[in-house]
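Residue strings, one per chain:
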Amino acid sequence: MKTLKVFPALMLMLLLNCVITAQETKVMFIGNSYTGANNLPNTFKELALSAGDSVFVDGSVIGGYTLGYPGQAHLTNPSTIEMIQRGYWDFVILQEQSQMPTIPYYRDGYTYPAAAALNTIVQENNACAQTVFFMTWGRKMGGQQCIGSYCSPVFVDYFHMQDSLETAYMNMTLTNDAMCAPVGISWSNSIANGDPIELFDTDGAHPSLAGTYLAACTFYAAIFLKTPVGLGYTGGLSQPDAAYLQQIAATTMADPVAWNIFPPEPVTASFTYELVGTFATFY
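Reading the values: the criteria
Residues numbered from 1 in each chain as written. Predicted model: local features only at pLDDT ≥ 70, side-chain atom pairs only at ≥ 80, totals over all residues. Heavy atoms only, no water. Helix = DSSP H or I, 4+ residues; strand = E, 2+ residues; numbered from the N terminus. Buried < 20%, exposed > 50% of the residue type's maximum accessible area, 1.4 Å probe, protein only. Contact = heavy atoms within 4.5 Å. Areas by Shrake-Rupley, 256 points an atom, 1.4 Å probe, with all protein chains shown as cover. Pairing = 2+ DSSP bridges. Phe/Tyr/Trp six-rings, centres within 6.5 Å; stacked < 30°, edge-to-face > 60°. Expected span 1.5 Å × (residues − 1). Bend = angle between axes of the 7 residues up to and from the residue. Disulfide = S-S within 2.5 Å. Salt bridge = Lys/Arg side-chain N within 4 Å of Asp/Glu carboxyl O. Axes fitted to C-alpha atoms, helices over the stretch in contact; angles between N-to-C directions. Parallel < 35°, antiparallel > 145°, perpendicular 65-115°, else oblique. Left-handed = near helix turned anticlockwise from the far one by under 90°. Nonpolar A, V, L, I, M, F, W, Y, C, P; charged D, E, K, R; others polar.

J.: What should I look at first to understand the overall build of the chain in this one?
T.: What the chain contains, in helices and strands, is 9 helices and 10 strands. A burial count over the chain gives 50% of its 283 residues as buried. Partitioning the intrachain contacts of the chain with sequence separation of at least 6 by distance along the chain shows that 73% fall at a separation of at least 24. Just so you have it, the chain exposes about 12,700 Å², and 57% of that area is on carbon and sulfur atoms.

J.: I keep staring at the pairing of strand 6 (residues 143-147) and nothing clicks. Help me out?
T.: Two faces, one strand: in a regular strand the side chains alternate between the faces of the sheet. Pairing analysis gives 4 bridges linking strand 6 to strand 7 (residues 150-155), with the strands arranged antiparallel. Looking at strand 7, one finds that Gly 143 is bridged to Phe 155. Two successive antiparallel strands, strand 6 and strand 7, enclose a turn made up of 2 residues, where Gly 148 displays a positive phi of approximately 65 degrees.

J.: What should I look at first to understand the packing of aromatic side chains in this one?
T.: The description of an aromatic ring pair rests on the distance of the ring centres and on the angle between the ring planes. According to the stated counting rule, one finds 21 aromatic pairs in the structure shown. Where Phe 29 meets Phe 219, the ring centres are 5.6 Å apart and the plane angle is 70 degrees; that geometry is what we call edge-to-face. One end of the pair, Phe 29, is in strand 2 (residues 25-31); the other, Phe 219, is in helix 8 (residues 209-224), with 190 residues separating them in the sequence. Across this residue pair, the class does not change: Phe 29 and Phe 219 are buried.

J.: I keep staring at helix 5 (residues 104-125) and nothing clicks. Help me out?
T.: Along an α-helix, a turn takes 3.6 residues, which lines up residues three or four apart on a common side. Given a rise of 1.5 Å per residue, 22 residues ought to cover 32 Å, and the 30 Å separating the end C-alpha atoms of helix 5 matches this to within 8%. If you look at helix 5, its biggest bend is around 30 degrees, right at Thr 111, and the proline Pro 113 turns up within four residues after that. Those residues of helix 5 that sit buried are Tyr 106, Arg 107, Thr 111, Ala 114, Ala 115, Leu 118, Asn 119, Ile 121 and Val 122. Contact partners of the buried residues in helix 5: helix 4 (78-84), strand 4 (91-94), strand 5 (130-134), strand 6, strand 7 and helix 6 (158-175).

J.: What is the right way to read the side chain of Ser 186 from this model?
T.: Here Ser 186 shows up in helix 7 (residues 183-192). By relative accessible area, which is 0% here, Ser 186 ends up buried.

J.: Help me out: how do you make sense of the state of the cysteines in this one?
T.: What makes a disulfide is a covalent bond joining the sulfur atoms belonging to two cysteines. The tally for this structure, following the rule as stated, stands at 1 disulfide. The side chain of Cys 146 participates in a disulfide bridge whose partner is Cys 151; the two sulfur atoms lie 2.0 Å from each other. Every disulfide takes its handedness from the sign of the S-S torsion; for Cys 146 and Cys 151 that torsion is 110 degrees, giving right-handed. Given a relative accessible area of 34%, Cys 146 falls into the partly exposed group.

J.: Can you help me understand the pattern of salt bridges in this one?
T.: When charged atoms on two side chains of opposite charge get close, those side chains can pair. Within this structure, the stated rule accounts for 6 salt bridges. The shortest N-O distance in the salt bridge between Arg 86 and Glu 82 comes to 3.3 Å. Notably, a salt bridge pairs Arg 107 with Asp 108, separated by 2.9 Å at the nearest N-O pair. On the basis of relative accessible area, Asp 108 is assigned to the partly exposed category, the value being 41%. Salt bridges here are not isolated pairs; linked through shared partners, they connect Asp 58, Glu 82 and Arg 86.

J.: Before we go on, may I ask you to explain the packing of helix 7 against helix 9 (residues 239-252) in this structure?
T.: The packing of two helices is summarised by the inter-axis angle and the distance between the axes. Following both chains from N to C, one finds helix 7 and helix 9 inclined at 120 degrees, their axes separated by 9 Å at the closest point. With respect to each other, helix 7 and helix 9 are oriented oblique. For helix 7 against helix 9, the interelement crossing comes out right-handed. Taken together, the residues of helix 9 that come into contact with helix 7 (itself represented by Ile 185, Ser 186, Asn 189 and Ser 190) are Tyr 244, Ile 248, Ala 249 and Thr 252. Of the residues in the contact of helix 7 with helix 9, the class split is 4 nonpolar, 4 polar and no charged.

Okay, structure coming up:
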């Protein structure tokens, strides 16, 4: 019988843990006020629980934070990094500051490098994890986005800015072999459908309660690869409004491969192993 590989026993335990804990999905949110508004992580959790899915949710959500800009960066925040390094996450969600992916100076100099660095930390410390990039939405009126002396192009409307965000988030997704939760596309689909429910808060940037609920529905469909249509949790909305937003998210996620999301393939174990001291030998 041929020996295939020898691993430290700790690695064996990590590999087996992916199977043992598969019944509970562990999700970490990393972001700022777009994630924190109306408590998106909890809205997602309650939506999943209403479907009968077992889920544990936690996160590092700090207002004004970016992925990598010095002084306000999750990449250099000890609490964020320590939480990632706990090593038991199934999905780690990364949300960049809302304007930076549209401003070349910040996008190329900080967003892209930080996305790659955080993805590396996720993968090195979590044997079972998928990195998920949270594609945010454009500003309600579009417009030029400036931080300091650096600016984006002048966006003529919401859709123009959303195109720029989509390009940046898909670049991060594909470059890092990650998943994308296309929340901004769900917003686009609702707005293009006559904008029947106000997704924006009064500032034209942050989400209303409905905007957060639509984001949660999109995350549910992306992570569980199941439709949110028909779920009982409405997040404080009327049942008709919740049903409409569930359908929008389901339509957006109808082709998950478009967002680099692939259903897991069933794997049948074809090996045995033997523990000798602190090493495991696979046969």
